[in-house]
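Observations on the model geometry
Listed below are the residues making up each chain.
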Number of protein chains: 2
Amino acid sequence: MSNISDIIEKFILDAIKQDSEIDLSRNELANFFGCSPSQINYVLSTRFTLDRGFDVTSQRGGGGYIRLVRVNEDSVLRTVLNRLKEPIDYLGAKHILDNLVYNNVISEEESDILSLAVSSKALSSPINNENYIRSQILRNVLVNIKRGK
Amino acid sequence: MSNISDIIEKFILDAIKQDSEIDLSRNELANFFGCSPSQINYVLSTRFTLDRGFDVTSQRGGGGYIRLVRVNEDSVLRTVLNRLKEPIDYLGAKHILDNLVYNNVISEEESDILSLAVSSKALSSPINNENYIRSQILRNVLVNIKRGK
DNA sequence: TATAATAAAGGTCAAAGATAGTCAAAGTGA
DNA sequence: TCACTTTGACTATCTTTGACCTTTATTATA
């Protein structure tokens, strides 16, 4: 039970008990616990996952940080998230969105935007390039959102 | 966190909150914040871009200045759609979304959703499969959507 | 007055610094 | 053995600085 990862996990869990969002310094933590910095990544990636209700973002460079956010868990949402571990086609996604609107998890406007964002037109791409797909999604949403208003 | 660039950014944002156009002195600013003058250029070029709705002009020589202007609302969407003909990284997208919110083209909620939808986490993918990316996007959005501000 | 020198801005870019991320290999314990 | 942990070398990203460059205004001088 006394492996460093568990100890670090407890430490972080304790820190995020009060606030639902905290900023960590990878190097400071590693230093504090006398471990390698990548150990912090290990702890985060094995214990602070989406499945367990955590979201991690970070920034490098001077003043960099690791931001940990505790995510809300709702039973409808949990079911949906489970389904979304698998690939899903547009129609399936649409059904899920309708369902979420019905259950007041998201609003109709939010659903509209999301369905544009995940339409085939937005996502089908000859090349697997993140930046390329990103601009395609935004373009698709923005072009169509104007029509709707 | 505490990197000077963020602090300077806040300072300038605050200054331009009242007037939609301000003149800055590079040297004075650098002096005030105790940083190198070129740091000011760094802040301007990374944070006060056209994508974010700012236009920067300047004059050298005695009595020189840096003029910051918020761009005209009408041209915003056109500029953005034009920009989106090219691939775009996450930070660029975020800037565009902020700008669209500022100009009332989309709401803050819509921006929040979209920025989750096009985050690196949502889009980075080992395989170029539409359905796979779709579920990833939705998952990423839904997991984070409930954190009320 | 016209021109040349100097001063007073701001611009550029590459290197150094400061973080964080990745991945594979080695270690550990049930 | 096998899964989990730990480490370190290498990579990626963002920030900060400084040396050198360009432009413009002002002052000195022929």
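To keep things clear, this report deals only with the structure shown in the data block. (Residues numbered from 1 in each chain as written. Chains lettered and ligands numbered in written order. Predicted model: local features only at pLDDT ≥ 70, side-chain atom pairs only at ≥ 80, totals over all residues. Heavy atoms only, no water.)

**Here we look at the nonpolar core**
- Core analysis: the largest hydrophobic core is formed by 50 residues, its most contacted members being Ile137 of chain A together with Leu100 and Ile137 of chain B.
- Per-element accounting of this core gives the leading share, 7 residues, to helix α8 (residues 130–145) of chain B.
- Other than its neighbours up to four places away in sequence, Ile137 of chain A contacts Ala117, Ala122 and Leu123 of chain A together with Val118, Leu123 and Ile137 of chain B. (Core = buried A, V, L, I, M, F, W, Y, C linked by side-chain atoms within 4.5 Å. Buried < 20%, exposed > 50% of the residue type's maximum accessible area, 1.4 Å probe, protein only. Helix = DSSP H or I, 4+ residues; strand = E, 2+ residues; numbered from the N terminus. Contact = heavy atoms within 4.5 Å.)

**Structural notes on helix α3 (residues 37–47) of chain B**
Residues and elements named next belong to chain B.
- Within α3, the full set of buried residues consists of Ile40, Val43, Leu44 and Arg47. Seen end-on, α3 carries its buried residues on one side only, within an arc spanning 100°.
- Contacts from the buried residues of α3 go to α1 (4–18), α2 (26–33), β2 (54–59) and β3 (65–70). (Arc of directions from axis to C-beta.)

**Some remarks on the protein's contact with DNA strand D**
- Near DNA strand D you find 26 residues, and of these Ser5, Ser38 and Tyr42 of chain A together with Ser38 and Tyr42 of chain B are the closest.
- When the atoms of DNA strand D within 4 Å of the protein are sorted by group, sugar and phosphate make up 62%.
- Between DNA strand D and Gln59 of chain B, the relevant distance is 3.2 Å, taken from a sugar or linking oxygen to a side-chain nitrogen or oxygen of the residue.
- Those elements that place two or more of their residues in the surface near DNA strand D are α1 (4–18) and α3 (37–47) of chain A together with α1 and α3 of chain B.
- Residue classes in the surface near DNA strand D are distributed as 6 nonpolar, 16 polar and 4 charged. (Near = heavy atom within 4 Å. Polar contact = N/O pair within 3.5 Å; in protein donor to acceptor, adjacent residues only side chain to side chain. Nonpolar A, V, L, I, M, F, W, Y, C, P; charged D, E, K, R; others polar.)

**Quick look at the pattern of salt bridges**
- Applying the stated criterion across every chain, the model contains 14 salt bridges over all chains.
- Here Lys121 of chain B and Asp55 of chain A are joined by a salt bridge, their closest N and O atoms 2.8 Å apart. Taken together, the residues Lys121 of chain B in helix α7 (residues 120–123) and Asp55 of chain A in strand β2 (residues 54–59) connect one chain to another.
- For Asp55 of chain A, a relative accessible area of 6% gives the class buried.
- Several salt bridges converge on common partners, so that one network encompasses Asp6, Glu9, Arg47 and Arg52 of chain A. (Salt bridge = Lys/Arg side-chain N within 4 Å of Asp/Glu carboxyl O.)

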